[in-house]
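If you want the building blocks of each chain, they are given just below.
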Amino acid sequence: MFHKLVSHNDDLRRLVEKGYAVAFDSNCLVVRDIPYLDHNRELRIGAIVAKLEFIDNEHVKQTDHQIFFAGSMPHGLDGKPMPNLGGGPAQIALSDASKDVVVERSFSNKPKATGAFQDFFEKIESYVGIISGPAIELHGANPYTFRVIKEVVAEESVFKFHDTLTSRAEITDLSVKFKNDVVAVIGLGGSGAYVLDFLVKMPVREIRGFDLDPFHVHNAFRSPGRLDPTELGKTKADVYRSRYDNFRTGLTIVPKFIDASCAEDLDGVTFAFVCVDKGPSRAAIFDLLIAKGIPFIDVGMGLSRKKGPLNGMLRVTYYPSEHAQKLRDKGLAELTDDPNDLYRTNIQISELNALNACLAVIRFKQLRGFYFEELPHYHLLFEIGDLKIVGESELE
């Protein structure tokens, strides 16, 4: 990544040519060997970290005028903290390749004339002038070391584009929690299509989708993304594989129904989402997942029209592998078909499908420690009429 970014971004090239110890890590620019004075006017060496926003795979720009700093508070020749730096205590997660750079604070200093830096070269030069000026004057320190930081090849990303929002939000340490997950999505109808869409944008190692049904017009009304008329009549597997293939790797979508004979298809799966609307099919899938010890979330929806407008409930039920059979026996999910369920008429309710998928994926992210979990709910119900969610967290 070093050579690609330096060769395509003139401001980064100028930093390297001037002698800065430039490196890149976790979608951040890292400039090491930055001298500064501590409170005793002793020479210390820190590092500047600035976020990169990728325009495409080769060109970057600044996110704002701020930087992060690995080191203690820089002081002036008078032994007092440097003024006009703003900011405060802060942390930002970098990879193990930069474990020598421990960010402790952020700084905020805008250029008075324009209020914004023109590029990274101007930005780094400005902050180095403030931070390193006293150390250069007192100790003859030199920030231009021309040191080449050995580039450690980072673990290959599953995304074909840079995930800059993760680094900008400073949640890299949380996103890494998904790196070993192999997730199956069984059923790519209304809710399953949205589950797939959300998972595609998560850094799980692998996604396996399963659905044999064809993609018809009614599917287009309750699935994410634009419709290409040439998709109609193809299998859902072919449609969604084509839509997401250019976004990430590790994506396998198979035109297949999952039943008791499909044990090998789920080998290595660490978690599954069951998104089918037929009770008998759900029962067979449950038995297979329980037999293989795979934890899973099942989604369901029931609608009726008794008083004019539609009403009903959305359901999200989590089956941990150690308690899955007990929960199956509780009958929380529909394992037979209700002929009076209006949902089976394929009415266009994409917002309910999306909400059902949202609740399921949020629950999965809680299980992985990405989102905070106050109670370990295994069963969630959302009623349309009062817009309330109730949950069960006690198994007994």
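Everything numeric in this text was worked out from a predicted model, so none of it was measured.

A. Fine view of a nonpolar patch on the surface. On the surface, a cluster of nonpolar side chains totalling about 350 Å² of accessible area is made up of Val217, Phe221, Leu227 and Leu232. Checked against the element boundaries, Val217 lands in helix H7 (residues 217-220). On the accessibility criterion, Val217 (47% relative accessible area) is partly exposed.

B. Molecular detail of the sheet that holds strand S13 (residues 311-319). With mixed pairing, the 8 strands of this open sheet are ordered in space as S10-S9-S8-S11-S12-S13-S14-S15. This sheet does not close on itself; its edge strands, each paired only once, are strand S10 (251-254) and strand S15 (388-392). With direction set aside, neighbouring strand axes in the sheet form an average angle of 15°. Here strand S14 (residues 379-383) runs beside S15; their pairing, made up of 5 bridges, is antiparallel. Note on S15: the bridge partner recorded for Leu380 is Gly391. Strand contacts of helix H6 (residues 190-200): strand S8 (182-186), strand S9 (206-210), S10, strand S11 (271-274) and strand S12 (296-304), with the helix running at about 160° to S8, the strand carrying the most contacts. Contacts from helix H9 (residues 279-292) reach S8, S11, S12 and S13 within the one sheet, and its direction differs from that of S12 by about 165°.

C. The arrangement of the packing of helix H2 (residues 10-18) against helix H3 (residues 120-139) in detail. Running from N to C, H2 and H3 cross one another at 45°; their axes reach a closest spacing of 7 Å. Accordingly, the angle class assigned to the pair H2 and H3 is oblique. Residues Asp11, Leu12, Arg14, Leu15 and Lys18 of H2 form the contact with H3, whose participating residues are Phe120, Phe121, Ile124 and Glu125. Of the residues belonging to the contact of H2 with H3, the class tally is 5 nonpolar, no polar and 4 charged.

D. The arrangement of the pairing of S11 in detail. Both faces of S11 are covered, namely the face carrying Phe271 and Phe273 and the face carrying Ala272 and Val274. Pairing analysis gives 4 bridges linking S8 to S11, with the strands arranged parallel. In the sheet register, Val183 faces S11, and the bridge partner there is Phe271. As paired strands, S11 and S12 are joined by 3 bridges and run parallel to one another. Residue Phe273 lies in a different strand from S12, and its bridge partner there is Ile297.

E. Highlighting the UniProt feature "domain: THIF-type NAD/FAD binding fold" (unreviewed entry) in the protein chain. Feature annotation in UniProt places "domain: THIF-type NAD/FAD binding fold" (unreviewed entry) on residues 177-301, given in this structure's numbering. Helix makes up 30% of residues 177-301 and strand 19%, and the two end C-alpha atoms of the span are 30 Å apart.

F. Up close: the packing of H6 against helix H11 (residues 350-367). Between H6 and H11, whose axes approach to 8 Å, the crossing angle comes to 50°. When the axes of H6 and H11 are compared, the pair comes out oblique. Relative to H11, the crossing made by H6 is right-handed. When H6 is examined against H11, the residues Gly190, Ser191, Tyr194, Val195, Phe198 and Leu199 are found in contact with a partner set consisting of Ser350, Asn353, Ala354, Asn356, Ala357, Cys358, Val361 and Phe364. Its residues placed into classes, the contact of H6 with H11 shows 9 nonpolar, 5 polar and no charged.

G. Highlighting the pattern of salt bridges. One pass over the structure, following the stated rule, counts 22 salt bridges. We note a salt bridge from Lys236 to Asp211, for which the minimum N-O separation is 3.9 Å. Here Lys236 is found in helix H8 (residues 236-244), whereas its partner Asp211 is found in the loop between S9 and H7, with 25 residues between them in sequence. Asp211 sits in the buried class, given a relative accessible area of 5%. Between Asp298 and Arg282 there is a salt bridge whose closest N-O contact spans 3.0 Å. A residue pair is termed long-range when its members are at least 10 positions apart, and Asp298 in strand S12 and Arg282 in helix H9 qualify at 16 residues. It is possible to trace a salt-bridge network through shared partners that takes in Arg282, Asp298, Arg315 and Glu334.

H. The environment of Val200, seen in detail. Tracing the backbone shows Val200 in helix H6. Residues Val200 and Val185 lie 15 residues apart in sequence; the distance between their C-alpha atoms is 11 Å. The residues contacting Val200, other than those within four sequence positions of it, are Phe159, Ile207, Tyr244, Phe247 and Arg248.

I. Spotlight on H6. Most of H6 sits out of view: 10 of its 11 residues are buried. Of all the residues in H6, the buried ones are Gly190, Ser191, Gly192, Ala193, Tyr194, Val195, Leu196, Asp197, Leu199 and Val200.

J. Focus on the domain arrangement of the protein chain. We note that the domain assignment places domain 1 (1-139) and domain 2 (164-392) within the protein chain. The straight-line distance from the C-alpha centre of domain 1 to that of domain 2 is 43 Å.

K. Layout of the packing of aromatic side chains. Tallied over the entire structure, the rule returns 17 aromatic pairs. Seen in terms of ring centroids, Phe286 and Phe296 are 5.0 Å apart; in terms of plane orientation they differ by 50°. Their pairing is tilted. Remark: Phe296 occurs in strand S12 and Phe286 occurs in helix H9; sequence separation between them is 10 residues. Under the relative-accessibility criterion, Phe286 is labelled buried at 1%. The ring of Phe121 has Arg14 sitting right over it, with the charged end atom 3.9 Å from the ring centre. It is Lys365 that lies over the ring of Phe370; its NZ or CZ is 4.8 Å from the centre.

How each quantity is defined
- Residues numbered from 1 in each chain as written.
- Predicted model: local features only at pLDDT ≥ 70, side-chain atom pairs only at ≥ 80, totals over all residues.
- Heavy atoms only, no water.
- Patch = residues over 30% accessible without salt bridge, like charges linked within 9 Å, V, L, I, M, F, W, Y side chains within 5 Å.
- Areas by Shrake-Rupley, 256 points an atom, 1.4 Å probe, with all protein chains shown as cover.
- Salt bridge = Lys/Arg side-chain N within 4 Å of Asp/Glu carboxyl O.
- Helix = DSSP H or I, 4+ residues; strand = E, 2+ residues; numbered from the N terminus.
- Buried < 20%, exposed > 50% of the residue type's maximum accessible area, 1.4 Å probe, protein only.
- Pairing = 2+ DSSP bridges.
- Axes fitted to C-alpha atoms, helices over the stretch in contact; angles between N-to-C directions.
- Contact = heavy atoms within 4.5 Å.
- Parallel < 35°, antiparallel > 145°, perpendicular 65-115°, else oblique.
- Nonpolar A, V, L, I, M, F, W, Y, C, P; charged D, E, K, R; others polar.
- UniProt positions renumbered as here; feature names shortened; annotations may be inferred.
- Left-handed = near helix turned anticlockwise from the far one by under 90°.
- Domains from an automatic or database assignment.
- Phe/Tyr/Trp six-rings, centres within 6.5 Å; stacked < 30°, edge-to-face > 60°.
- Lys NZ or Arg CZ within 6 Å of the ring centre and 35° of its normal.

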